[in-house]
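Report on the structure
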Amino acid sequence: MNSSPSSAAPPVRRDVQGLRAIAVVAVALCHAIGFPAGGFVGVDVFFVISGFLITGLLLREQESTGRIRLRAFAARRIRRILPASLLVLVAVTTAAFFVFNRPRAEQTLGDAIAAMLLSSNWRFAADGTDYFRATDAISPLQHFWSLSVEEQFYLLWPLLLVALLMIPLARRTPTSRRITVGLAAAVIVVASFAWALTDTAAQPTVAYFSTATRAWELGTGALLAALTPVLARIPGLLRVPLAWAGLAGILWSFVTIDADSAFPAPWAALPVAATALVIAAGVGGDPRARHLFPLSNPLSVAIGDLSYSIYLWHFPVIVFAGVLLPAGAPTTPIVLGAIAALSVASYLVVEQPLHRSPWLRAYPRPAGAPDSRAGAEAPVAPVASAAPVAPAAPVAPPAPVTPPARTLQSRPAGWTPGARYYPGAPARPAVASPAVASPSGPPASEALAVGAAASRAAAPPSAPATPEPGSDERPTAPDTRRAAWSAWRARFAGQAVLGVVVLVIGAGVIAITLQSTVGGIPTLGPLAPLAPAAEEQTDPLPALQEELAAAASATAWPALSPSLDDVISRSSSDNPAHDCFSPDAAFDAAGCTWGSTDAPNHMYLVGDSTAMAYAPAFKKIAEDSGGAWRITTIGLYGCRFTDVLVQNDGAGVMAACPQRKTDVRAAIAADPAQLVVVSNAYTLGRTTDGTDLSAPALIAATQAEMSTYAMPGRIAYLAPPPLGADLGQCYSPLSSPANCLTSVDTTWTDMQSAAEAAAAASGDHALSSLPFSCWENVCPAFAGTIPTKYDQTHLTVAYAEHIAPVLRAALGAQGLL
C-alpha cells in the first residue's frame, strides 16, 4: 500500500502483513489442492484490510492538508495495482493462444479486456448465469473479479468522502469528520449486507461476484479506519485476547465454510468480523505485534509483502498446469514452485520498483522557474504559508496567492552551511547521497520538514536534494524528474537482476523436477480397434462402434469437420431446434415439427437440453421417413420434465419451466401421437426447497410427469450421453485425444438402471445411449471425423445427424417405428 505523501504514514503493522499472508496462502492452497475448503474466504480478509488502509490514508491526508487529492490518489492506485496486473494479463493472454484451443483463448482475451476495464466481476457473473456457459472451462483470469470489485469501490468511495467532508457539520472538527465518515461507512455495511442476504438466496452466482453484495466487506474496513481514535483507547489487556480471537475466527472460517455455504451472506460475516477484530486490536498498539507471532513473524511478513504478486500469479499457473500437467500429487510441488518463482520475480522486477518509482508523481516547480501554463515566472509563496504550485497535476494543498516578489526564504531544519538550497527541495547535507526509501514505507526524506508542512507534502519520494556542487544553476522540474529517475534506477537495478535470477533458477528447478517426477505428459495406452466386419452390415451400429474404437485409440487429432474450435464456439446456436427449447421464445409446437404435415404417424421428443441436442437426429429421422413420420421436438433447456421442479440456475429457467411443461401437456392432448420420447439430464439434483433427489427419485418424478400424457406403453426414456470431458480443459494444440477420453460415470449408470426398471414395470421403453457414445465404456471426443459433443453434455448437430440411423434402428428394434 502506497503511503500518502501528504502526511507521515503510521509504521507498517506486521500483524496486517501477516493477515495478508494467511489470506493469500489459504486462497492459493484452496485453488491448488482443494484444502482448506474455505480458503477462498481469504479474498474477504483482503477486502477488509484494503478498506481499512485506503480509508485511513485518505482521512490522514485530509486531516494533514485539509483536502483529499483525487488525482494523487488515482496515481498511487495506478502505481500500486497496474504494473503487475498488466504483466499478468499480457502473459496469460499470450500463453492462452499457445496452450488453449481457439475459443478458450479468445475467451481469455475477452476476460483480460474486462479485467483492464475493471469489470471482470460482472463478466463472470453473466457467464455463470448463462446456461450454455455454466460448464465452460474455468478462466485463468477469473480471480481478477475481486480486483474489479475493489477498484470499483475505490472509484466511488473517495468521491463520496470528498462530498461528505464538504458538509459544514463535518468540517468543524476532526472528530466530526470521522463521525460523518463512520456513519456513511455504517450505512454502506448495513445496506450492502442486507442486499447480499437477499441476492445470495435468489441468485447466488451474481451475489458472489457483485460489487453491491461485497461493498459491506470493504465498508467494514472503512468503518474501522474512521474509528481509529476510539479503537486506540482499547485497554492493553484486551488487545491480545481480541487479536487471538480474530485470528482463530479466520482460521475457523477456512475449515468450516465450503462451496455449499450461503456466500457471501451470511457466511462471509465470519471472516470479515474476525479480520476486523485483529485490525481493531492492533490500532494504537505496538506495530511489531510480537504477541501475535503467527502473523508478525518474519516469514509471514515476507509473504504478506508478496501477497499481491502471489494472488495475481497463482490462479493462471494452476489453470495452465491443469492443461499441461497430469493430475495428481506429483505435480503439486511443481505448481507451487512455479507460483513462488513467478511471484518473487515479478515483485522484485515489476511490482515493487514501479510502486516506488517517480512515475505519475508530481514534482514541485522550483522558485523562479517559468510557469508553462501562464508563460511567465510563477510567484513564490512565503515558506511559512504554503508550497509553490506545480505546473502539472496539483499535489499540494492550495496556497494563498502572493505578490510576484521574491521574499527571504528560511533554511529548512537540518540545513548544513554551504549547501545550496531552493524552495521545495528536501533537506540534506551538502555532501549527502540521495535518500533511499525503505521497502516497507516512504523514504525518510518525506518525513523531514522543508520550510513548512505543505512544502514537505510536495517533495517526491526520490527527489534529489540539490544541484551538483559548484553549479550556479537553479534546477528545473525536468531536472528534478530526471534526477529522481536516475536515483530510482540506481536503487532498483540490483533488485531487478535478483528477480531475473530467481526466475531463471526457479524455471530450472521446475524443469528438473518435472523431468524426474513426471517424466513427460502421460496418455492413456492405445486401445485395440474393433476388427472390421467380414461382410457388409446393414445394421449401422457396428460401423459407428468401429469409429468410436478408432477414436479411443488415436494418438493425434484427425482433421475434424466441423472442427472442435468451431463447435465449441457455436455451442447450441446451430441447432435447428434451439428456439423450441429457449425460455425466451414463445411456445410454438407447429414451428418445431419436422417432416411432412400429412404424415400418418406423429412423435414427440420432449425434455431439457439433452432432448434439444437429440433434436437434429429426430429431425433427420422425420425427413428421411418418406412422409411416414412427423416429429415435434419441444421442451426447455435446464427444465427437467419431472412432476417436481428441479433447481436450475439458468437465466429464466425456473420461471418458465412449469408453464412449458403445461404447454407440452396441452399440445399432446390436442394433437395425440403414437410415441413420446423423453430425455432429461442424468445428473443428480434437488428441489427448489433444497431437498436432494436420488437417481431413482428423479426417474420416478419423470415417470410421474409422463403419466399425465395418458399414453401408457408409448413412452420411451432416451438416456443422454454419459458425461464427457471438459473440452476447454482437455483439448488444445498441445494435447492428445487421449486427454479427452472419459469413462461412464456412476451417476449415469444408476439413472439408466432406474429408467430401465421403471420402463419394464410400466410397460414403457428405455433406450441406452452407450452404443453410439462409447466403446467398451470408453467415451472419446470424436467419432470418424466428427466431434461428438461441444461441451461435456450436449451432442454436436453434425454428430446428432450422424447417429440418426442408429437411433432409428434402436427404436425399430423395440417396435416403436
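All of the points below concern the structure found in this document. Computed from a prediction, not measured in an experiment: that's the story for all the values here. (Residues numbered from 1 in each chain as written. Predicted model: local features only at pLDDT ≥ 70, side-chain atom pairs only at ≥ 80, totals over all residues. Heavy atoms only, no water.)

**With respect to the packing of aromatic side chains**
What characterises a pair of aromatic rings is the spacing of the ring centres plus the angle enclosed by the ring planes. Summed over the entire model, instances satisfying the criterion amount to 19 aromatic pairs. Note on W145 and Y208: the rings are 5.2 Å apart at their centroids and 50° apart in plane angle, and the pair reads as tilted. Here the residue W145 occupies a position in helix α6 (residues 144–164), and Y208 occupies one in helix α8 (residues 204–209), the gap between them amounting to 63 residues. Using a relative accessible area of 5% as the deciding quantity, one classes W145 as buried. Accessibility expressed as a relative area gives 22% for Y208, which makes it partly exposed. When the centroid spacing of 5.9 Å and the interplanar angle of 50° are considered together, the rings of W557 and F782 count as tilted. On the criterion of sequence distance, the pair formed by W557 in the loop between α18 (540–552) and α19 (564–570) and F782 in strand β13 (residues 782–783) is long-range, its members being 225 residues apart. Relative accessible area serves as the criterion here: at 4%, F782 is assigned to the buried category. Every member of this aromatic cluster is reached through a ring pair, and the members are F40, F47, F124, W145, Y208, F209 and F263. (Phe/Tyr/Trp six-rings, centres within 6.5 Å; stacked < 30°, edge-to-face > 60°. Helix = DSSP H or I, 4+ residues; strand = E, 2+ residues; numbered from the N terminus. Buried < 20%, exposed > 50% of the residue type's maximum accessible area, 1.4 Å probe, protein only.)

**Points about helix α22 (residues 695–707)**
Under the 1.5 Å per step criterion, the end-to-end length of α22 is 19 Å for 13 residues, consistent within 8% with the ideal 18 Å. Regarding α22, the residues found buried are A695, L698, I699, A701, T702, E705 and M706. Angular distribution of buried residues about the axis of α22 spans 155°; they occupy a single face of the element. Pointing more than 90 degrees away from the buried face of α22 are the exposed residues P696 and S707. (Expected span 1.5 Å × (residues − 1). Arc of directions from axis to C-beta.)

**As for the pairing of strand β4 (residues 601–607)**
Of all the seven residues making up β4, six are buried; the element is thus mostly covered by neighbouring parts of the structure. Here seven bridges tie β4 to strand β5 (residues 629–635), and the two strands are oriented parallel to one another. Counterpart to M603 in the pairing with β5 is I631. Taken together, β4, helix α20 (residues 609–623) and β5 form a β-α-β motif whose crossover is right-handed. Pairing of β4 with strand β6 (residues 675–679) involves five bridges; the strand directions are parallel. (Pairing = 2+ DSSP bridges. Right-handed = clockwise from strand over helix to strand, strands pointing away.)

**Focus: the pattern of salt bridges**
Taken as a whole and assessed by the stated rule, the structure comprises 20 salt bridges. A salt bridge links R13 to D15; its shortest N-O distance comes to 2.7 Å. Given the relative accessible area of 13%, R13 is considered buried. Given a relative accessible area of 4%, D15 falls into the buried group. Salt-bridge contacts for E63 lead to R178; the nearest nitrogen and oxygen are separated by 2.8 Å. Pair noted here: E63 is in helix α2 (residues 42–65) and R178 is in helix α7 (residues 174–202), with a separation of 115 residues, a long-range link. Given a relative accessible area of 13%, R178 falls into the buried group. Residues joined by salt bridges that share partners form a network here, namely R102, E106, D565 and D566. (Salt bridge = Lys/Arg side-chain N within 4 Å of Asp/Glu carboxyl O.)

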